[in-house]
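Summary of structural features
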Amino acid sequence: MQSLTSNSNVLKWIDEVVSMTKPANVVWIDGSDEQLSMLREEACSTGELKALNQEKYPGCYYHRSQKDDVARMEDKTYICTTDRNDAGPTNNWKSPKEAYELGRQIFENAMWGRTMYIIPYSMGPVGSPFSKIGFEVTDSIYVVLNMNIMTRIGKKVLDVLGDSNDFVRGLHGKCTLDIDKRFIFHFPEDNTIWSCNSAYGGNVLLGKKCFALRIASYQGWKQGWLAEHMLILGIENPQGEVKYVAAAFPSACGKTNLAMLIPPEIYRKKGYRVWTVGDDIAWLKIKEDGRLWAINPEAGFFGVAPGTNDKSNYNAMMSTKKDTIFTNVAYNLDDDTVWWEKFDSNPPENALDWQGNSWNGKTSAEKGAHPNSRFTAPAKNCPCISGEWESPEGVPISAIIFGGRRAKTAPLVYQSRSWQHGVFVGSSLASETTAAAAGKVGVVRRDPMAMLPFCGYNMGEYFGHWLNMGKKAGNPPKIFHVNWFRTNDKGDFLWPGYGENFRVLEWIIKRCENGVGAEESLIGFIPKAEDINTEELDVSEDVLRGLLTIDVESWLEDIDSIGEFYNKIGDTLPEGLKEELSILNQNLTDACEGSIA
Ligand code: SAT
Ligand code: MN
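Attention here is on the structure that accompanies the text. Everything quoted here is computed from the prediction, not taken from an experiment.

The next subject is the overall build of the chain. Broken down by element type, the chain carries 17 helices and 31 strands. With respect to the principal axes defined by its C-alpha atoms, the chain has extents near 80 × 55 × 50 Å. Evaluated residue by residue, the chain yields a buried proportion of 60% over its 597 residues. Taking the contacts inside the chain whose residues are at least 6 apart along the sequence as the reference set, 73% of them involve residues at least 24 apart. One way to put it: in the chain the 62 positive side-chain charges average out to a point 1 Å from where the 78 negative ones average out.

This is the structure:
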């Protein structure tokens, strides 16, 4: 087939890939409806996809992946830099030479008898000064159709690229799906990603974690911007003014729910609204006004299905009602629809589970959907999508919010004293595993900026880059930490969460506008209890005060754990963060001694 571009850099690279993988056919993806419809038909004819009930789910399809290929695989994910130190102590590393050699052995003839699809795509609105172009070469129609939802694809991207050599070279092959030969190699020094022997999610949708986080974070380090694992949302007040925040959370902390939050009724009546700009990734740049501006580089949501329902996330549910691909959920044979755990209280009786086995949701002890089953839904379907979500200029960020799941340590919300202190707060971000069933206290996992599996370079350098960004921006966002998961001694949550989290966002925005005071505490600024609005909320003043207290003992334990983590980072850990750790240590020790005396 004729190529869609005359860009010699692209054509040379495609030639190399074709002669290595030897596909039977090569198809350039132009992004037209016609071509995409043909691909959907073909995928349905081979069983790769199944069309759902087109009356209830127009444009929606169902897919199942191999049993051992259902999630990102961190132990198979490598950062391949010439100097091992550039990957740093938190990434798996191979030398580019070794990884390319291993990759070549696997990719040699790997597309024999298959069709190779070449997908040109843009991360970010096509032509925006924030945006970056990539190609994904793949032998999977599932990947083409998912990339069409998650990114902007096709001819229009090539028009913007012109003759430029500035694009990410992504190669994906299903190969034999052999888990022992599964690798996701990143070569940040030459803008290249190779992924083999997987056909699922973050391993193969190379625009997402591979490019938009790992490669992009490396590019941002070299070029002076940030690629972050953050949602972006806008908060509109009754005067119609919108302030934007970006927020990072480790997994299982309700990030997608926060991105699409519906404010409590008393706020909605007054005219407050929340608008979603993005649910997973933010690219941030400093502009002339000294502020950080952000775009969502993606065009869709790759969301976890189980637990999503009309109550927990109405907006996400609505986003999946058309033009969506469902992967590894349960399939209702009676009406060709989908189901997953907590979808509703009426599981289908005549269904197939995520492995294709016959499944009765009313009687079976097994789960119908895999816990990491997903929907791939166009962002434009979301009822609360922001009018600015595709703005080529991005949106100005007033606050950065870090959050984790902490039973005792972190208060409901606190504000850092400075940018440097805020970077410390992000660098020491942690979440507790939910081991509640066994009655154990959760295990603390440090997940700096929620980027542990996604930072494409040395973590210490990354912290240094964050510190520099604050110095360069004259007017950087204020940095906050939230914790929706504080519990009492019985292990019950003290804060209702979900939509009520809007009350905390309100305090954060007021702080950004100097519209409310705060108490200076050992760890930063905390709200005065009376400044969190509890109107029509079933949280007593006592409970609220409890949510805002600092448990010195658990903080001292946390200091040890941060110290251990920092030791692991080693030489590249910036002085500024050591300084913040010792200030915190001093504050807590003084408080301890004060209380003993
Ligand atoms: O599978 S993805 O990496 O795209 C999503 C996730 O694991 O967070
Ligand atoms: Mn994510």
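Residues in contact with ligand 1, as listed here, are Arg72, Gly202, Lys208, Lys209, Phe302 and Arg374. The side chain of Arg72 places a nitrogen or oxygen atom 2.7 Å from an oxygen atom of ligand 1. Contact between ligand 1 and Gly202: an oxygen atom at 2.9 Å from a main-chain N or O atom of the residue. The fraction of the free accessible surface of ligand 1 (260 Å²) that becomes covered by protein chains is 89%. Tallied by class, the residues present in the shell around ligand 1 amount to 1 nonpolar, 1 polar and 4 charged.

So, about the coordination of the manganese ion (ligand 2). Coordination sphere of the manganese ion (ligand 2), protein contribution only: Lys209 (NZ), His229 (NE2) and Asp280 (OD), at 2.1 to 2.2 Å. Taken in sequence order, the residues that donate to the manganese ion (ligand 2) follow the motif K-x19-H-x50-D. Residue His229 is found in the loop between β12 (226-228) and β13 (231-236), and its partner Asp280 is found in the loop between β15 (273-278) and β16 (282-286); the two are separated by 51 residues along the sequence. Its relative accessible area of 9% is what places Asp280 among the buried residues.

Okay, the packing of aromatic side chains next. Tallied over the full model, the rule gives 34 aromatic pairs. With a centroid separation of 5.9 Å and an interplanar angle of 35°, the aromatic rings of Phe326 and Trp340 are classed as tilted. Taken together, the positions of Phe326 in strand β19 (residues 325-327) and Trp340 in the loop between β21 (337-339) and β22 (351-352) put the pair 14 residues apart, joining distant regions of the chain. Trp340 matches Phe326 in its accessibility class, with the two residues each being buried. The rings of Tyr78, Tyr100, Phe107, Phe183, Phe185, Phe187 and Trp194 are connected pair by pair, giving a single aromatic cluster. The ring of Trp221 has Lys222 lying over it, and the distance from NZ or CZ to the ring centre is 4.2 Å. Lys285 extends its terminal NZ or CZ atom over the ring of Phe130, reaching a point 5.0 Å from the ring centre.

All right, on to a nonpolar patch on the surface then. A cluster of nonpolar side chains, Ile262, Tyr314 and Met318, forms an exposed patch at the surface whose accessible area comes to about 240 Å². Looking at the secondary structure, you find Ile262 in the loop between α9 (255-259) and α10 (265-270). According to the relative accessible area criterion, Ile262 is partly exposed, its value standing at 37%.

Turning to the environment of Gly491, a few remarks are in order. If you trace the backbone, Gly491 turns up in the loop between β29 (478-482) and α14 (502-512). Gly491 sits in the partly exposed class, given a relative accessible area of 43%. Between the C-alpha atom of Gly491 and that of Arg417, which follows or precedes it by 74 residues, the distance is 31 Å.

A separate point is the pattern of salt bridges. Throughout the structure, instances matching the rule amount to 26 salt bridges. The partner of Glu108 in a salt bridge is Lys22, and the shortest N-O contact between them spans 3.5 Å. Separated by 86 residues along the polypeptide, Glu108 in the loop between α4 (96-107) and β6 (115-123) and Lys22 in the loop between α1 (8-21) and β1 (25-28) bring together distant segments of the chain. Among the residues examined, Glu108 registers a relative accessible area of 39% and is labelled partly exposed. The partly exposed category is assigned to Lys22, whose relative accessible area is 32%.

Let's shift gears to the sheet that holds strand β3 (residues 61-63). Strand order in this open sheet of 5 strands is β2-β3-β19-β24-β18, and the pairing throughout is mixed. What marks the edges here is a single partner per strand, and that holds for β2 (50-51) and β18 (300-304). The pairing of β19 with strand β24 (residues 374-378) spans 3 bridges and is classified as antiparallel. Following the sheet pairing, Ile325 is matched in β24 by Thr376.

Looking at the secondary structure, you find Ser198 in the loop between β11 (192-196) and α7 (201-204). Looking at Ser198, its side chain comes within polar contact range of the main-chain nitrogen of Tyr200, at 3.3 Å.

This part takes up the packing of helix α2 (residues 33-46) against helix α5 (residues 141-150). Running from N to C, α2 and α5 cross one another at 140°; their axes reach a closest spacing of 10 Å. One finds that α2 runs oblique with respect to α5. Our pair here, α2 against α5, has a crossing hand that is left-handed. Facing α2, whose interface residues are Leu36, Leu39, Arg40, Glu42 and Ala43, α5 presents Ile141, Val144, Leu145 and Asn148. Taken together, the residues of the contact of α2 with α5 sort by class into 6 nonpolar, 1 polar and 2 charged.

A few words on the pairing of β13. Across the 6 residues of β13, 6 count as buried, placing the element largely inside the fold. Residues Leu231, Leu233 and Ile235 of β13 are buried on one face, and the alternating residues Ile232, Gly234 and Glu236, pointing to the opposite face, are buried as well. Pairing of β13 with strand β14 (residues 242-248), which is carried by 6 bridges, proceeds in the antiparallel orientation. If you follow Gly234 over to β14, its bridge partner there is Tyr244. Connecting β13 to the next strand, β14, in antiparallel fashion are 5 residues, including Gly240 with a positive phi near 85°. By the bridge criterion, 5 bridges tie β13 to β15 in an arrangement that is antiparallel. In the sheet register, Ile232 faces β15, and the bridge partner there is Gly278.

On to the packing of helix α12 (residues 419-427) against helix α13 (residues 459-472), then. α13 packs onto α12 with a crossing angle of 150° between their chain directions and a minimal axis gap of 9 Å. Here α12 is positioned roughly antiparallel relative to α13, judged by the angle of their axes. You can see that α12 and α13 cross each other, and the crossing is right-handed. Each of Trp419, Gln420, Val423 and Ser427 in α12 lies in contact with α13, whose residues at this interface are Phe463, Trp466, Leu467 and Gly470. Class assignment of the residues belonging to the contact of α12 with α13 gives a composition of 5 nonpolar, 3 polar and no charged.

This paragraph deals with helix α8 (residues 207-223). Between the first and last C-alpha of α8 there are merely 19 Å, a value that for 17 residues lags more than 12% behind the 24 Å anticipated at 1.5 Å per step. The largest bend in α8 comes to about 40°, at Ala216. For α8, a buried count of 15 out of 17 residues is recorded, marking the element as mostly surrounded by other parts of the structure. Gly224, located one to two residues past α8, shows a positive phi value of around 85°.

Definitions and limits used
- Residues numbered from 1 in each chain as written.
- Chains lettered and ligands numbered in written order.
- Predicted model: local features only at pLDDT ≥ 70, side-chain atom pairs only at ≥ 80, totals over all residues.
- Heavy atoms only, no water.
- Helix = DSSP H or I, 4+ residues; strand = E, 2+ residues; numbered from the N terminus.
- Buried < 20%, exposed > 50% of the residue type's maximum accessible area, 1.4 Å probe, protein only.
- Contact = heavy atoms within 4.5 Å.
- Lys, Arg positive; Asp, Glu negative; His and termini not counted.
- Charge placed at Lys NZ, Arg CZ, Asp CG, Glu CD.
- Near = heavy atom within 4 Å.
- Polar contact = N/O pair within 3.5 Å; in protein donor to acceptor, adjacent residues only side chain to side chain.
- Areas by Shrake-Rupley, 256 points an atom, 1.4 Å probe, with all protein chains shown as cover.
- Nonpolar A, V, L, I, M, F, W, Y, C, P; charged D, E, K, R; others polar.
- Donors = N, O, S within 2.8 Å, 3.2 Å for Na, K, Ca; no water.
- Phe/Tyr/Trp six-rings, centres within 6.5 Å; stacked < 30°, edge-to-face > 60°.
- Lys NZ or Arg CZ within 6 Å of the ring centre and 35° of its normal.
- Patch = residues over 30% accessible without salt bridge, like charges linked within 9 Å, V, L, I, M, F, W, Y side chains within 5 Å.
- Salt bridge = Lys/Arg side-chain N within 4 Å of Asp/Glu carboxyl O.
- Pairing = 2+ DSSP bridges.
- Axes fitted to C-alpha atoms, helices over the stretch in contact; angles between N-to-C directions.
- Parallel < 35°, antiparallel > 145°, perpendicular 65-115°, else oblique.
- Left-handed = near helix turned anticlockwise from the far one by under 90°.
- Expected span 1.5 Å × (residues − 1).
- Bend = angle between axes of the 7 residues up to and from the residue.

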